[in-house]
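Okay, here's what each chain looks like letter by letter:
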Amino acid sequence: MARLRQGKRLLPARFFLRDTAETARELLGRRLVRTLPDGSSVAVIVVETEAYLGVGDRAAHTWNGRRTPRVLPMWGPGGHAYVYRIYGLHHCLNVVTKRAGEPEAVLVRAAVPEDEWLDRSAAGSLRFSGPGKLCAGLAITTALSGASLRGPELRLEAGPDRPFDVLVGPRVGVDYAGEAAAWPLRFGVAGCRAVTARKALSGSRPGS
DNA sequence: CCAGAGATATGCT
DNA sequence: GCATATCTCTGGC
């Protein structure tokens, strides 16, 4: 069953070494599998991402070369997780991109359960809409910061072969008056409630 | 529907 | 002390 095998294929290491915004776009529709210590697992499909472009990006935690203990995973090679706690309350999952020494990452903003994605009604429950809710739903904490995205606890796979349209827009949050904030750094799946129920993304493009 | 408060980690000034 | 890559609840229109 080539088709089935294709869907469960782990994303290769080189997937994470490309341009970060491109990786953010390419992460849409991919399967994220979280396996818990008790052996159970949850599979979700990524529907919203946001790119953070490293030392020159004021919104990035590594802006201006910051290299604190919290962000060390971002300085490592792509293909690993960077998880941080925000507002003392929520956790946010990032996919580290590029090579070691180029501290860029993609924030995973929303996902939907795989079965709902395959139903094509793809509205999806709002269970995983928002980076904090996603981490809460998948039991992702800072304990996973630095973990491989090709490991036993967290896996990124090619995902189901299902076409969708892509929405692009500026990053959420403060406008840093820098160029990066105005660029298309946010990517979402058109028609997905987990995306559209939040903030409007503008601009539609044909996806794959 | 929209605005504001509150939870309180992390890092900067 | 202050800001932030968040979310939920509350109260007002």
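Trainee: Help me understand the packing of aromatic side chains in this model?
Mentor: Applying the stated criterion across every chain, the model contains three aromatic pairs. When the ring of Phe15 is compared with that of Phe16, the centres are 5.1 Å apart and the planes differ by 70°; the resulting orientation is edge-to-face. Neither Phe15 nor Phe16 differs from the other in exposure class; each is buried. Directly above the aromatic system of Trp75 lies the positively charged group of Arg67, at a separation of 4.7 Å from the ring centroid.

Trainee: Looking at this structure, how should I read the protein's contact with DNA strand B?
Mentor: Lining the immediate environment of DNA strand B, one finds Arg66, Thr68, Arg70, Arg85, Gly88 and Leu89. Sugar plus phosphate, as a fraction of atoms of DNA strand B within 4 Å of the protein: 73%. The contact in question runs from a phosphate oxygen of DNA strand B to an N or O atom on the side chain of Arg66, over 3.2 Å. In the model, a phosphate oxygen of DNA strand B is placed 3.2 Å from a nitrogen or oxygen of the Arg70 main chain. Split into classes, the residues belonging to the surface near DNA strand B amount to one nonpolar, two polar and three charged.

Trainee: What is the right way to look at unusual backbone geometry in this model?
Mentor: When glycine is set aside, most residues are seen to have a negative phi, and most peptide bonds are trans. At Tyr87, a position not held by glycine, the phi torsion is positive, near 55°. Inspection of the secondary structure assignment puts Tyr87 in the loop between strand S3 (81-86) and strand S4 (90-97). Residue Tyr87 is classed as exposed on the basis of its relative accessible area of 73%. In this model, Lys98 sits at a positive phi of 65°, which is unusual for a non-glycine residue. Mapped onto the elements of the fold, Lys98 is located in the loop between S4 and strand S5 (104-113). A residue is classified by how much of its surface remains accessible, and Lys98, at 18% relative accessible area, is buried.

Trainee: Can you walk me through the nonpolar core in this structure?
Mentor: One recurring pattern in soluble globular proteins: nonpolar side chains tend to sit buried together. Grouped together as the largest cluster of nonpolar side chains are 43 residues, with contacts concentrated most on Leu32, Val47, Leu93, Val95, Ile140, Leu154 and Leu156. Ignoring any residue separated from it by four or fewer positions in sequence, one finds Val95 in contact with Phe16, Leu27, His80, Glu104, Ala105, Val106, Val108, Leu149 and Leu156. Core analysis: the second largest hydrophobic core is formed by 12 residues, Ala59, Tyr82, Tyr84 and Val96 among them.

Trainee: Would you mind going over the pattern of salt bridges with me for this structure?
Mentor: Here the idea is simple: oppositely charged side chains can pair when their charged atoms come close. Under the defined criterion, the tally for this structure stands at 13 salt bridges. Residue Arg30 is joined to Glu26 by a salt bridge in which the shortest nitrogen-to-oxygen separation is 3.1 Å. For Arg30, a relative accessible area of 17% gives the class buried. For Glu26, a relative accessible area of 21% translates into the label partly exposed. A salt bridge links Arg109 to Glu48; its shortest N-O distance comes to 3.4 Å. Separated by 61 residues along the polypeptide, Arg109 in strand S5 and Glu48 in strand S2 (residues 41-52) bring together distant segments of the chain. For the residue pair Arg109 and Glu48, the accessibility class agrees, reading buried in each case.

Cut-offs applied
- Residues numbered from 1 in each chain as written.
- Chains lettered and ligands numbered in written order.
- Predicted model: local features only at pLDDT ≥ 70, side-chain atom pairs only at ≥ 80, totals over all residues.
- Heavy atoms only, no water.
- Phe/Tyr/Trp six-rings, centres within 6.5 Å; stacked < 30°, edge-to-face > 60°.
- Buried < 20%, exposed > 50% of the residue type's maximum accessible area, 1.4 Å probe, protein only.
- Lys NZ or Arg CZ within 6 Å of the ring centre and 35° of its normal.
- Near = heavy atom within 4 Å.
- Polar contact = N/O pair within 3.5 Å; in protein donor to acceptor, adjacent residues only side chain to side chain.
- Nonpolar A, V, L, I, M, F, W, Y, C, P; charged D, E, K, R; others polar.
- Helix = DSSP H or I, 4+ residues; strand = E, 2+ residues; numbered from the N terminus.
- Core = buried A, V, L, I, M, F, W, Y, C linked by side-chain atoms within 4.5 Å.
- Contact = heavy atoms within 4.5 Å.
- Salt bridge = Lys/Arg side-chain N within 4 Å of Asp/Glu carboxyl O.

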